[in-house]
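If you want the building blocks of each chain, they are given just below.
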Amino acid sequence: MKKLAMVLSTILLIAMLAACGNSGEKASSNGGGESASNGGESKVIKAGIGLNDQHPQYKGLLKFKEIVEEKTDGAITVETYHSGQLGDDRSMTEALQLGTQEVTVPSTAPLANFVPEFSVFDIPFLFPNEEVADTVLDGEVGQELLQKLESQNLVGLSYWENGFRDLTNSKRAVATMKDFDGLKIRTMENDLHLDAFKALGANPTPMAFTELFTALQQGTVDGQENPYATIYLQKFYEVQNHVSNTHHIYSPFVFLMSKSFYDGLTEDQQKIMKEAAVEAGKYERKLNREANDKYLQSLQDEGMEYTEITPEAREEMVKAVAPVIDEYKGQIGEETVDKVYKAIEEAQK
Ligand code: TK8
């Protein structure tokens, strides 16, 4: 009798263990069956940017944090860093490739060092306004370019807005092309920017954003170019006397995630990342536009002299950079450039 009882309890134990094993498989067979909040161990996202905590870009990062932590019931938490605390655009992008950081939001210009096609968005005078930029970036060609990041162990989840770039300097008022002559202008680390400013007659120097304020303060460079919101919120008015409405490039940001981190998430969690990056991006674009509209006046209130670029001068600038654009079409890829120009045309119909 004792032996029979032993055998029966062993069979019962094996049956119970098998039943537990099956329910695990069932969970994994229907897409993990794990909700975002029970995707296994809790995870931490380190998210860093170069601009300071007053900038709409940081407000956008806080919105991303809020959405992710709410939708995953805290299973994923987001640590936010600003002002280059984790490095500059290029070094933070490299950190994502290495898996030592999970999120950063660089401008497309430095990102072109990882995927050259992104230089298409740094073609001078490409986008006529923000609305067309949104349509093109959020549309087919913009999304196709994000896909190319995967080969660099990066996931591009959405576009945010840096904005139309305007020139500041400490030497002189810039109203026409000849006013550019010899100005030592800091550019982002992107050869197209460098060659475009050479074509305008300036003497450009590529430099990480984290070094820019000191370089302006010490006179290493005479000027720089960024949207009004960045010029004001980074207090460039303390080290620059002149601002001109060159509006020479519309600069997008790309919300990047480390692919090795992203691939380790459940399907539900990946969906939440995408939704949060898109929703936070729309929020950031709105804040950024409001900021750029009001901060030109604030720069003048802080003592900067504002100079309008004459229509003739703008035409001269467009003509001067045309050969640079032709030269870079080959490097960026004729197909990509043509697709973007076609999408811009479509967006204005
Ligand atoms: C901030 C940069 C900045 C960009 C630049 O990390 O480098 O001038 O416009 O916004 O991405």
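These numbers were taken from a predicted model, which means no experiment stands behind them. (Residues numbered from 1 in each chain as written. Predicted model: local features only at pLDDT ≥ 70, side-chain atom pairs only at ≥ 80, totals over all residues. Heavy atoms only, no water.)

Scanning the protein chain from N- to C-terminus turns up 13 helices and 11 strands. Out of the 349 residues belonging to the protein chain, those deemed buried represent 53%. Just so you have it, the protein chain exposes about 15500 Å², and 52% of that area is on carbon and sulfur atoms. (Helix = DSSP H or I, 4+ residues; strand = E, 2+ residues; numbered from the N terminus. Buried < 20%, exposed > 50% of the residue type's maximum accessible area, 1.4 Å probe, protein only. Areas by Shrake-Rupley, 256 points an atom, 1.4 Å probe, with all protein chains shown as cover.)

This next bit is on the packing of aromatic side chains. In total, this model carries 11 aromatic pairs according to the counting rule given. Geometrically, the ring pair formed by Trp160 and Phe255 is tilted, given 5.3 Å between the ring centres and 40 degrees between the ring planes. On the criterion of sequence distance, the pair formed by Trp160 in strand S4 (residues 154-164) and Phe255 in strand S10 (residues 250-258) is long-range, its members being 95 residues apart. Of the two residues examined, Trp160 and Phe255, each falls in the buried class. With centroids separated by 6.0 Å and ring planes inclined at 50 degrees, the aromatic side chains of Phe209 and Phe236 adopt a geometry described as tilted. Linking Phe209 in the loop between strand S7 (203-206) and helix H8 (212-218) with Phe236 in the loop between helix H9 (228-233) and strand S9 (242-244), this pair joins segments that are 27 residues apart in sequence. Classification of Phe209 as buried rests on a relative accessible area of 17%. Taken together, Phe118, Phe121, Phe127, Tyr159, Phe164 and Tyr250 form an aromatic cluster joined through their ring pairs. In this structure, Lys63 packs its charged tip against the face of Tyr283, placed 4.7 Å from the ring centre. (Phe/Tyr/Trp six-rings, centres within 6.5 Å; stacked < 30°, edge-to-face > 60°. Lys NZ or Arg CZ within 6 Å of the ring centre and 35° of its normal.)

We now examine unusual backbone geometry. Even without being a glycine, Ser83 presents a positive backbone phi close to 55 degrees. With respect to the secondary-structure elements, Ser83 resides in the loop between strand S2 (76-81) and helix H3 (89-98). Despite not being glycine, Asn153 has its phi angle at roughly 60 degrees, a positive value. Tracing the chain through its elements places Asn153 in the loop between helix H6 (140-147) and S4. Looking at Asn153, the relative accessible area reads 23%, which means it is partly exposed.

Turning to the pattern of salt bridges, a few remarks are in order. Throughout the structure, instances matching the rule amount to 21 salt bridges. Several salt bridges share partner residues, and in doing so they unite Asp134, Asp138, Glu161, Arg285 and Arg289 into one network. (Salt bridge = Lys/Arg side-chain N within 4 Å of Asp/Glu carboxyl O.)

When the pLDDT values of the protein chain are averaged, the result is 91; 89% of them are 70 or greater. A low-confidence stretch, residues 18-35 stays under pLDDT 50, and its non-local contacts, those more than four residues away or across chains, total 7 contacts. (pLDDT = per-residue confidence, 0-100. Contact = heavy atoms within 4.5 Å.)

Moving on, we get to the sheet that holds S10. Taken together, 5 strands build an open sheet; the order of strands is S2-S1-S3-S10-S4 and the sheet is mixed. Every interior strand has two partners, whereas the edge strands, S2 and S4, have only one. With 2 bridges connecting them, strand S1 (residues 43-48) and strand S3 (residues 103-104) associate as parallel partners. Note on S3: the bridge partner recorded for Ala47 is Val103. Each of S4 and S10 touches H6; the most contacted strand, S4, lies at about 130 degrees to it. (Pairing = 2+ DSSP bridges. Axes fitted to C-alpha atoms, helices over the stretch in contact; angles between N-to-C directions.)

Inspection of the secondary structure puts Asn245 in the loop between S9 and S10. Judged by its relative accessible area of 13%, Asn245 is buried. Once residues lying within four places of it in the same chain are set aside, the contact partners of Asn245 are Asp166, Tyr228, Tyr306, Thr307, Glu308, Ile309 and Arg314.

Turning our eyes to something else, we now look at the site of the ligand. The immediate surroundings of the ligand are formed by Gly50, Leu51, Asp89, Ser107, Asn162, Arg165, Arg186, Met188, Phe209, Asn226 and Phe253. The separation between an oxygen atom of the ligand and a polar side-chain atom of Asn226 is 2.6 Å. Computed on the free molecule, the ligand has an accessible area of 310 Å², of which 98% lies beneath the protein chains in the complex. (Near = heavy atom within 4 Å. Polar contact = N/O pair within 3.5 Å; in protein donor to acceptor, adjacent residues only side chain to side chain.)

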